[in-house]
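Below are the chains, spelled out letter by letter.
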Amino acid sequence: MLDMIIDKNSAKWIWIEDESAYAADVYVDFKDRFNSSKGETVLYVSCDSAFYCNINGELAAFSSCSDYPQYKLYDKFDISKFCNEKNQIDFTVWYIGDDGNQTYIKDAPGLWYVIVNNGKVVASSGVNTLGRKNINYKNGYCKYITVQLGYSFYYDNSKVNDIDFKPC
């Protein structure tokens, strides 16, 4: 169904242009805006490695993307109840970037998404998506819980992330 709705070239795998964002255990924020009308609004999303998504400030979706580097999968979320006429979508993506645990296969970092309202694409990842590093998380922390579980994380809510968003 998704293939019939979108042109395969409309949504791009994106990431920020920051060399340190390609290291292991990194968190990156993305944002975009879209308009929608009443009816069904669906988010299709994939990333390496895990994400959470807010729409208009409300948690709307989260997932660990369990796929293979050569076989990318996406998740589908009905986000209709979070949408208004004008909307902002925000993602935080955690790139694990390590090949030393049993729950993750390393690939390049990235985010891919398409938002469909009543059968029409209203937003997709690409040059209109803005991104920045999320400094509230301790990037590059790489603290293992166990080899089976992988990394823990460190989050400091007292920091103000005033890094400017830039096109991806």
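Note that the coordinates shown come from a computational prediction; the quantities given were computed from them, not determined experimentally.

## Considerations on the pattern of salt bridges
In this structure the tally under the stated criterion is three salt bridges. Among the salt bridges present, the one from arginine 132 reaches aspartate 29, with a minimum N-O distance of 3.5 Å. Placement of the pair is arginine 132 in strand E9 (residues 130-133) and aspartate 29 in strand E1 (residues 26-35), with a sequence separation of 103 residues. In this structure, arginine 132 and aspartate 29 share a single accessibility class: buried. What you see here is one network of salt bridges that share partners, running through Asp48, Lys72 and Asp107.

## With respect to the sheet that holds strand E2 (residues 41-48)
Reading across the sheet, the four strands line up as E5-E2-E7-E8 and stay open at both edges, with antiparallel pairing between neighbours. The open sheet has two edge strands with one neighbour each: strand E5 (75-78) and strand E8 (120-124). Strand after strand, the sheet turns through a mean of 25 degrees between neighbouring axes, direction not considered. Sheet analysis places strand E7 (residues 110-117) next to E8, joined by four bridges and oriented antiparallel. From the neighbouring strand, asparagine 117 faces E8, where its bridge partner is lysine 120.

## Side note on the packing of aromatic side chains
The full count for this structure, using the stated rule, is 13 aromatic pairs. A ring pair is formed by tyrosine 44 and tyrosine 74, whose centres lie 5.6 Å apart and whose planes are at 75 degrees; its orientation type is edge-to-face. Taken together, the residues tyrosine 44 in strand E2 and tyrosine 74 in the loop between strand E4 (58-64) and E5 connect sequence positions 30 residues apart. With a relative accessible area of 6%, tyrosine 44 lands in the buried category. The partly exposed category is assigned to tyrosine 74, whose relative accessible area is 42%. Arranged with centres 5.0 Å apart and planes meeting at 35 degrees, the rings of phenylalanine 91 and tyrosine 113 form a pair that is tilted. Linking phenylalanine 91 in strand E6 (residues 86-95) with tyrosine 113 in strand E7, this pair joins segments that are 22 residues apart in sequence. Residues phenylalanine 91 and tyrosine 113 agree in their burial class; the two are buried. Site record: aromatic cluster; members linked through ring pairs are Tyr27, Trp94, Tyr137, Phe153 and Tyr155.

## So, the sheet that holds E6
The strand order E4-E3-E6-E1-E9-E12 describes an open sheet built from six strands, whose pairing is antiparallel. Of all the strands in the sheet, the pair left with one neighbour each is E4 and strand E12 (166-167). Where E1 meets E6, ten bridges bridge the pair, whose relative direction is antiparallel. Note that in E6 the partner of phenylalanine 34 across the bridge is asparagine 87.

## Considering the nonpolar core
Among the nonpolar cores identified, the biggest contains 37 residues, and Phe30, Leu43, Phe51, Ile55, Ile79, Phe91 and Leu111 are the most heavily contacted of them. Secondary structure elements with two or more residues in this core: E1, E2, strand E3 (50-55), E4, E6 and E7. If sequence neighbours within four positions are ignored, phenylalanine 91 has contacts with Val28, Asp29, Phe30, Leu43, Val45, Phe51, Tyr52, Cys53, Leu111 and Tyr113. One finds Ala11, Val42, Tyr44 and Val116 within the second-largest nonpolar core, a separate group that totals six residues.

## Concerning the environment of alanine 60
Relative to the helices and strands, alanine 60 is located in strand E4. Judged by its relative accessible area of 14%, alanine 60 is buried. Taking the C-alpha atoms as reference points, alanine 60 and cysteine 83, separated by 23 residues in sequence, lie 9.9 Å from one another.

The rules behind each value
- Residues numbered from 1 in each chain as written.
- Predicted model: local features only at pLDDT ≥ 70, side-chain atom pairs only at ≥ 80, totals over all residues.
- Heavy atoms only, no water.
- Salt bridge = Lys/Arg side-chain N within 4 Å of Asp/Glu carboxyl O.
- Helix = DSSP H or I, 4+ residues; strand = E, 2+ residues; numbered from the N terminus.
- Buried < 20%, exposed > 50% of the residue type's maximum accessible area, 1.4 Å probe, protein only.
- Pairing = 2+ DSSP bridges.
- Axes fitted to C-alpha atoms, helices over the stretch in contact; angles between N-to-C directions.
- Phe/Tyr/Trp six-rings, centres within 6.5 Å; stacked < 30°, edge-to-face > 60°.
- Core = buried A, V, L, I, M, F, W, Y, C linked by side-chain atoms within 4.5 Å.
- Contact = heavy atoms within 4.5 Å.

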